[in-house]
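Next come the chains, spelled out residue by residue.
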Amino acid sequence: MSRARSHLRSAFLLAAVSPLSATTRFGARRGLSAWPAPQEPGMEYQDAVRTLNTLQTNASYLEQVKRQRGDPQTQLEAMELFLARSGLQLEDLDQLNIIHVTGTKGKGSTCAFTERILRSYGLKTGFFSSPHLVQVRERIRINGQPISPELFTNHFWRLYHRLQETKVDLAVVEVGIGGAYDCTNIIRKPVVCGVSSLGLDHTSLLGDTVEKIAWQKGGIFKRGVPAFTVLQPDGPLAVLRDRAQQISCPLYLCPPLEALEEGGPPLTLGLEGEHQRSNAALALQLARCWLQQKDHQGIGELKASQPSLQWQLPLAPVFQPTSHMQHGLRDTEWPGRTQVLRRGPLTWYLDGAHTVSSVQACVRWFRQALRGRDRPDSGPEVRVLLFNSTGDRDPAALLKLLQPCQFHYAVFCPNLTEVSPTGNEDQQNFTVTLDQVLLRCLTHQQHWSRLDKEQASPNLWNSPGPEPGGPASLLLAPCLPHPVSTSSLVFSCISHALQWISQGRDPVFQPPSPPRGLLAHPVAGSGASVLREAAAIHVLVTGSLHLVGGVLKLLEPSLSQ
């Protein structure tokens, strides 16, 4: 383990995110070590991923586990056993310099900002997060880059064989339930912890109120370890405060980014969207605290030496961000979050928002981006929504928030890149059946049609009242006469949806001829003509990170190499 620590001596960012089996989560973490491992004869990266997929819980068994769930504490106990079977002990993890971040919105972006800031100081970083977008190896990053397919393959087989040699029962079916009982919470001695924005998500696992979710997320707090959070609604903020007090964890409330900018230059963020300012504010505190704990010099001059109390929480230090911090925020990249790809007449807006609050932020970002766009000299502009949602999320509530964008077409498809799973092992999901995901897409279409009928009005665009997605001032001049109801379509996979939307006009996405019957539906046929003639096509892809990942795989082939 000493060699692993020497390779990962500076920082390890651990984002506790979507639930995964304990085996999958541990295998990813083990891969962060960088010493040589023997190559499995004849086994390639995709063979390792296919084997990893066999450890996924199947859909029917997952439903049984949910109904018969016992003491969630056993999740952590099982994780300790897996750790020991791999040849590691908790004491080995205690030696790593960990930043542990949780939340329901913005935790990945917060970690991306934090990691980039630390690298700007010349530190070597490791970063574990989930889910991945295109390839599973993205979950493990060294110095901001996903580990290579070879490194992932080598360490996967090393760990897989160790677990097989010591197995009592190979079936590992329980999933993490976030925060307190998530398998990542075996981390006992992080340097600092963070909680990003909280909202309703994974309610069947975490609880049906934000307060219950806050209790779960606050489970990562450790005695004497500083923790930071952003401004939350009063209920969950009180829960986090009480959780921290119970275990003697010093919890601080991050001041807004404006307070840190006062008297200095405005901070430029590498990630678009107003909501990213909250994530950046949290990242600055996490990075500064980590550097301070490690006696690093040049961590920013304090502006306020005696933090005031707000909401019965001490305010985190207000300081002047250093040039390293400024450069880190500016250079942060985090694909699939408020990402824009401009391709000829098509502009793709990609954001993996999947909760009410994150979709609200996504709508504000999308409308703001459209407001500042370059308009074509002539010809109509078309707005298209590509949407899917998974799990126990309420698709009707999310789709309602997207209505003010007034899309001309709403397209729904499952998170399947292609109809055939061949070559798409990184994105296979055995926790649901094909019938389930297709029926869910049809349900999405029904929700959209119902909402469209309820809210469609020629005067809606100029309504003076508040809108769920943002202020009424962000109005868009209609480019095509807006129909009374948005046309909607369901496709069997992401590739077919993109083929219909792009109509061969994306210079990078040039698939072979469309499958027979792609334009058989009347809406598909008439819409294809509109899309071929449009001067500009604006496509918002949202509702699921897995959907965004599938789209990126097709639009950015380099991510699969």
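Heads up: the structure comes first, above all this text.
Note that the coordinates shown come from a computational prediction; the quantities given were computed from them, not determined experimentally.

Participant: Could you give an account of the environment of F387, naming the residues involved and the relevant values?
Facilitator: For F387, the location among the structural elements is in strand β15 (residues 381-387). Between the C-alpha atom of F387 and that of G543, which follows or precedes it by 156 residues, the distance is 5.5 Å. Look past the residues within four positions of F387 in its chain and what remains in contact with it is L398, L399, L402, V411, F412, C413, H444, T542, G543 and L547.

Participant: Could you give me a rundown of the pairing of strand β18 (residues 536-542), with the residues and numbers involved?
Facilitator: In terms of residue burial, β18 counts as a mostly covered element, since seven of its seven residues are buried. Of the two faces of β18, the one holding A536, H538, L540 and T542 and the one holding I537, V539 and V541 are both buried throughout. In terms of strand pairing, strand β14 (residues 346-350) meets β18 through five bridges, oriented parallel. By the bridge assignment, T347 is partnered in β18 with H538. Bridge count for β15 against β18 is seven bridges, and the pairing is parallel. Across the sheet, the residue bridging to V384 is V539, located in β18.

Participant: Give me the sheet that holds β15: which residues, what numbers.
Facilitator: Read across the open sheet, the six strands follow the order β13-β14-β18-β15-β16-β17; overall the sheet is mixed. Of all strands in the sheet, those bounded by a partner on one side alone are β13 (339-343) and β17 (487-490). Averaged over neighbouring strand pairs, the angle between their axes works out to 20 degrees when direction is ignored. Where β13 lies against β14, five bridges are found, and the strand directions are antiparallel. Note that in β14 the partner of R342 across the bridge is T347. Sitting on the sheet, helix α16 (residues 395-402) is in contact with β15, β16 (409-412) and β18, with an inclination near 165 degrees to β15.

Participant: Break down helix α19 (residues 522-533) for me, with residues and values.
Facilitator: Taking 1.5 Å as the rise per residue, α19 with twelve residues should run 16 Å; its terminal C-alpha atoms sit 17 Å apart, in good agreement. Buried residues of α19: V523, A524, G527, A528 and L531, and no others. Viewed end-on, α19 has its buried residues packed into an arc of 130 degrees, placing them on one side of the element. Projecting away from the buried face of α19 at angles above 90 degrees are the exposed residues P522 and E533. Taken together, the buried residues of α19 touch β15, β16, β17, α18 (494-502) and β18.

Participant: With reference to specific residues and values, describe the pattern of salt bridges.
Facilitator: Side-chain pairing between opposite charges can occur once the charged atoms of the two side chains come close. In the structure shown here, the tally under the stated rule is 13 salt bridges. When the shortest N-O distance is used, the salt bridge between E556 and R343 registers 3.5 Å. Taken together, the positions of E556 in the segment after α20 (545-555) and R343 in strand β13 put the pair 213 residues apart, joining distant regions of the chain.

Participant: Tell me what's going on with the environment of Y252, and back it up with residues and numbers.
Facilitator: Relative to the helices and strands, Y252 resides in strand β8 (residues 251-253). Put simply, Y252 and L315 are 63 residues apart on the chain and 5.5 Å apart in space, counted from C-alpha to C-alpha. In contact with Y252, other than residues within four places in its own chain, are P226, A227, F228, T229, P314, L315 and A316.

About the criteria used
Residues numbered from 1 in each chain as written. Predicted model: local features only at pLDDT ≥ 70, side-chain atom pairs only at ≥ 80, totals over all residues. Heavy atoms only, no water. Helix = DSSP H or I, 4+ residues; strand = E, 2+ residues; numbered from the N terminus. Contact = heavy atoms within 4.5 Å. Buried < 20%, exposed > 50% of the residue type's maximum accessible area, 1.4 Å probe, protein only. Pairing = 2+ DSSP bridges. Axes fitted to C-alpha atoms, helices over the stretch in contact; angles between N-to-C directions. Expected span 1.5 Å × (residues − 1). Arc of directions from axis to C-beta. Salt bridge = Lys/Arg side-chain N within 4 Å of Asp/Glu carboxyl O.

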